[in-house]
Amino acid sequence: SLLAGAKSVVVDSSLPMHVNYNVSSDTPNATLWYNTKNSLITPQITLTREGDEVHISLQASDKCLPSVIECRDWYMLTIMGPALDSLSAVSSNVIHYSTDSQQLLKTYTRADGQIELHSSGAIDQLDATLANESRITTTEAGITTINLTVQDALSNADIATVDTLAITVPTACASNHGGGT
């Protein structure tokens, strides 16, 4: 399995998809869910492995061109796999990551990507970077320390109770983005 021993997942699909990643000690597996009656295409999920990193993408077909908006449907990939060190969601993709507890997790979102964290125990440290109108939500995770880097004025972080929060923001914002942080 491509997921066995993986330390990082990157969701960089050309068609928006949701990935529900559940940390489990069971044999890794993945199941794709979509509405076969409404979908214009039969989705083709691609998982590739580069070292410890697994890239997940859902490819658009010729039926989706010239605009992938024609093929926007609900595509959800549910994964049971090992605890990860890092997650990355880009281009309108969403990752829901559920774990019992974890020492360190690094996340990166950009281009409208989203990550939502859930934990039944504590995540000791979260290092999160947001760019290009992306989002992270930690309201359903117990996190002790968050190091948050926000690289633009339109990204968003929803954070519940945390013991230590460090925020790094750009020193200057482009005038076409409202000028604030």
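Conventions and cut-offs
- Residues numbered from 1 in each chain as written.
- Predicted model: local features only at pLDDT ≥ 70, side-chain atom pairs only at ≥ 80, totals over all residues.
- Heavy atoms only, no water.
- Salt bridge = Lys/Arg side-chain N within 4 Å of Asp/Glu carboxyl O.
- Helix = DSSP H or I, 4+ residues; strand = E, 2+ residues; numbered from the N terminus.
- Buried < 20%, exposed > 50% of the residue type's maximum accessible area, 1.4 Å probe, protein only.
- Phe/Tyr/Trp six-rings, centres within 6.5 Å; stacked < 30°, edge-to-face > 60°.
- Contact = heavy atoms within 4.5 Å.

Draft legend 1. Layout of the pattern of salt bridges. The full count for this structure, using the stated rule, is one salt bridge. Ionic pairing is found between R135 and D158, a salt bridge with its closest N-O pair at 2.9 Å. Taken as a pair, R135 in strand β11 (residues 135–150) and D158 in strand β12 (residues 156–158) lie far apart in primary sequence, 23 residues in all. When its relative accessible area of 26% is taken as the criterion, D158 is described as partly exposed.

Draft legend 2. Main features of the packing of aromatic side chains. This structure, assessed with the given rule, holds one aromatic pair. Residues Y21 and Y97 carry aromatic rings whose centres are separated by 5.6 Å and whose planes lie at 25° to one another, so their mutual orientation is stacked. Of this pair, Y21 sits in strand β2 (residues 18–23) while Y97 sits in strand β8 (residues 94–99); the two residues are 76 residues apart in sequence, bridging distant segments of the chain. Per residue, the accessibility class of Y21 equals that of Y97, and both read buried.

Draft legend 3. View of the environment of Q114. Turning to its location among the elements, Q114 is positioned in strand β10 (residues 114–130). Separated by 22 residues in sequence, Q114 and S92 have C-alpha atoms that sit 7.1 Å apart. In this structure Q114 touches A89, N93, V94, I95, T109 and R135, once residues within four positions along its chain are discounted.

Draft legend 4. Expanded view of the environment of V150. With respect to the helices and strands, the residue V150 is situated in strand β11. For the pair formed by V150 and T109, sequence separation is 41 residues and the distance between their alpha carbons is 9.9 Å. In this structure, V150 is in contact with L130, S155, T168, V169 and P170, ignoring residues within four places of it in sequence.

Draft legend 5. The arrangement of the side chain of T138 in detail. Tracing the sequence through the fold places T138 in strand β11. Judged by its relative accessible area of 3%, T138 is buried.

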